[in-house]
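Structure at a glance
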Amino acid sequence: MTTTGLGSVPGDDIREWMRAVLELVDVPFLPELPARPYGDMISRTIAVLTELAADLQPVGWRLTGGGDARASLDQRRARALLHEDLDVLEEYADGYQGRLKVQVTGPWTLAAAVERPRGDKVLADHGARRDLAQALAYGVEQHVAEVRKRVPGAEVLLQVDEPGLPAVLAGAVPTASGWSKHRSVDGPGAVELLSLFTGAAPTVVHCCAERPPIEVFTKSGASGVAVDVSLLNNAAWDQVAIAAEAGTTLYAGLVATTGAVPKAEQAAQPLIKRWRELGLDPELLKQVVITPACGLAAAPSPADARARLKLLRDIADVVGEAADE
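This section reports on the structure supplied with the text. Every chain begins its residue count from 1, and numbering advances along the sequence as written. At least 70 in pLDDT is required for a residue's local features to be given in this predicted model, at least 80 for side-chain atom pairs to be given and counted, and no such filter applies to totals for whole chains, interfaces and linings, which use all residues. The side-chain figures draw on all heavy atoms in the structure; neither hydrogens nor water molecules are used.

**Description of unusual backbone geometry**
We note that Tyr38 has phi near 70°; this positive angle belongs to a residue other than glycine. Along the polypeptide, Tyr38 turns up in the loop between α1 (14-24) and α2 (41-48). Every helix listed is a DSSP run of H or I at least four residues long, and every strand listed is a run of E at least two residues long, numbered separately from the N terminus.

Written as structure tokens, this is what we have:
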């Protein structure tokens, strides 16, 4: 069994975290440190956009036009930070062989967070959100190629973060006025844009929700889904079972990001218990990847976050033993 983290970590020392993830988890990842200016998930993804320009307003990022020439100072700073982190990755992962994960905000969450040039979210305009998704897909393709160039021995795994997609599908994203909601998007529409991201590299879609739209993720071509096990309702578990039996890899979030660090046996039980209740093949349990429940940026300290990552391998051992019973 394997382990990985979901991206964000506390603190501001990228070198400390690059060393840590290479040591503590089986699938290392490019750490995101949102405590730094331009280190949050939206800014990191704006940095990847090369076909669209954006600037940072008091309410968040806003698109301003096309091309690098019109990139704002904030967007250039976000790109510079990402490039510096890639330099650190190249230095510390020199000679690395194996899977290596990078994270990007998905097209639907980005469309619900970023404004159009004349106001309101990109989500409000069908054409604008398609343009944004296509530009992002191109930027992600270039980003993945850059990581492969810097770490030639890596098998790059792409994590697409879609925490906002359940609200998009439910028509629950507020308009700029706050008096109404943006029109809901149907499943096929969501699949269409997500499928733009499943060709550049093996892809896992991450969504911490009570009922993440797992069917949308698998229909888009994602090879894995990452969820917070503690949040899943019965309907979501049914979708997990269908996906697992179809060969989709489950990234099971089993370690809370705050509070007391649990014992490995305690953390593993919700997954093992539900797996048995669903009557799933124990052999499939061996394919599960063990992760924290979500990003670790909210952990009280870097030391606490490292302890949670270190715990993942002990949990994987417990789950592996249960699979053999």
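**What to know about the side chain of Ser72**
Mapped onto the elements, Ser72 comes out in the loop between β3 (60-66) and α3 (73-92). Distance and chemistry together define a polar contact, namely a pair of N or O atoms within 3.5 Å, with one atom able to donate a hydrogen and the other to accept it when in protein, and with adjacent residues in sequence counting only for side-chain atoms on both sides. One polar contact links the side chain of Ser72 to the main-chain amide nitrogen of Gln75, over a distance of 3.1 Å. With residues up to four places along the chain from it excluded, the contact list for Ser72 reads Ala54, Asp55, Leu56 and Trp61. Here, residues are in contact when the closest pair of their heavy atoms is within 4.5 Å.

**As for the side chain of Thr248**
Here Thr248 is to be found in the loop between α9 (234-245) and β8 (249-255). Those residues in contact with Thr248 that sit more than four places away from it in its chain are Thr218, Ser223, Gly224, Val225 and Ala243.

**Quick word on the sheet that holds strand β7 (residues 224-228)**
DSSP bridges decide pairing: two strands pair if at least two such bridges lie between them. The seven strands lie next to each other as β1-β9-β8-β7-β6-β5-β4, forming an open sheet whose pairing is parallel. The sheet is open, and its two edges are formed by β1 (2-3) and β4 (98-105), each paired on a single side. As paired strands, β1 and strand β9 (residues 289-292) are joined by two bridges and run parallel to one another. Bridge assignment links Thr2 to a residue of β9, and that residue is Val289.

**A look at the packing of α1 against α3**
For the pair α1 and α3, interaxial distance at closest approach is 10 Å and the crossing angle is 45°. When the axes of α1 and α3 are compared, the pair comes out oblique. Classified by chirality, the crossing of α3 by α1 is right-handed. Contact residues: Ile14, Arg15, Met18, Arg19 and Leu22 in α1; Asp85, Val88, Leu89, Glu91 and Tyr92 in α3. Orientation is described by axes fitted as lines to C-alpha atoms, over the contacting stretch for helices, and by angles from 0 to 180 degrees between their N-to-C directions. To sort the angles, those under 35 degrees are grouped as roughly parallel, those over 145 as roughly antiparallel, those from 65 to 115 as roughly perpendicular, and the leftovers as oblique. Should the near helix be turned anticlockwise from the far one by less than a right angle, the crossing is left-handed, and should it be turned clockwise, the crossing is right-handed.

**So, helix α10 (residues 264-277)**
For a helix, the expected span equals 1.5 Å multiplied by the residue count minus one. The first and last C-alpha atoms of α10 sit 20 Å apart over 14 residues, in line with the 20 Å expected at 1.5 Å per residue. The angle between axes fitted to the seven residues ending at a residue and the seven residues starting there is what we call the bend at that residue. The sharpest bend along α10 measures roughly 30° and falls at Pro270. Burial classes follow relative accessibility: with a 1.4 Å probe on protein chains only, a residue under 20% of its type's maximum area counts as buried, one over 50% as exposed, and anything between as partly exposed. Those residues of α10 not exposed but buried are Ala264, Ala267, Ala268, Leu271, Ile272 and Trp275. Next to the buried residues of α10 lie α9, β8, α11 (282-285), β9 and α12 (302-324).

**Focus: a negative patch on the surface**
A contiguous patch of negative charge, built from Glu265, Asp314, Asp317 and Glu321, is present on the exposed surface. Here the negative patch gets three residues from one element, more than from any other, and that element is α12. Inspection of the secondary structure assignment puts Glu321 in helix α12. In this structure Glu321 comes out as exposed when scored by relative accessible area, which is 52%. Patches here: salt-bridge-free residues with over 30% relative accessible area, like charges joined within 9 Å, nonpolar side chains (Val, Leu, Ile, Met, Phe, Trp, Tyr) joined within 5 Å. Each accessible area is a Shrake-Rupley result for a 1.4 Å probe, and residues are judged covered by the shown protein chains and nothing else. Think of a salt bridge as a Lys or Arg side-chain nitrogen and an Asp or Glu carboxyl oxygen that are within 4 Å of each other. Charged residues are defined narrowly, with Lys and Arg counted positive, Asp and Glu counted negative, and His plus the chain ends left uncounted. A charge is said to be at NZ when it belongs to Lys, at CZ for Arg, at CG for Asp and at CD for Glu.

**A look at the pattern of salt bridges**
Under the criterion given, the structure shown has 16 salt bridges. Taking the shortest distance from any N to any O, the salt bridge between Glu90 and Arg150 comes out at 3.0 Å. Here Glu90 is found in helix α3, whereas its partner Arg150 is found in helix α5 (residues 126-150), with 60 residues between them in sequence. The salt bridge partner of Glu146 is Arg150, with a shortest N-O separation of 2.7 Å. Of this pair, Glu146 and Arg150 both sit in helix α5, four residues apart, which is roughly one turn of the helix. Residue classification places Glu146 among the partly exposed positions, given a relative accessible area of 26%. Here Arg150 falls in the buried class, since its relative accessible area comes to 15%. Residues joined by salt bridges that share partners form a network here, namely Asp87, Glu90, Glu146 and Arg150.

**Looking at the pairing of β7**
Burial of β7 is extensive: five of the five residues sit out of reach of the surface. Side-chain alternation along β7 places Gly224, Ala226 and Asp228 on one buried face and Val225 and Val227 on a second face that is also buried. Across three bridges, strand β6 (residues 203-206) lies against β7 in parallel orientation. Within β7, the position partnered with His206 by the bridge is Ala226. With strands facing away from the observer, any crossover in which the path from the first strand over the helix to the second runs clockwise is taken as right-handed. Viewed along the sheet, the connection from β6 through helix α8 (residues 214-219) into β7 turns out right-handed. Relative to β8, β7 runs parallel, the two being bridged by five bridges.

**Side note on the packing of α1 against α12**
At a closest axis distance of 10 Å, the pairing of α1 and α12 adopts a crossing angle of 15°. If you check the angle between α1 and α12, you find them roughly parallel. For the pair α1 and α12, the sense of crossing is right-handed. Every residue of α12 that contacts α1 at Glu16, Trp17, Ala20, Glu23 and Leu24 is listed here: Pro302, Ala305, Arg306, Leu309, Lys310 and Arg313.

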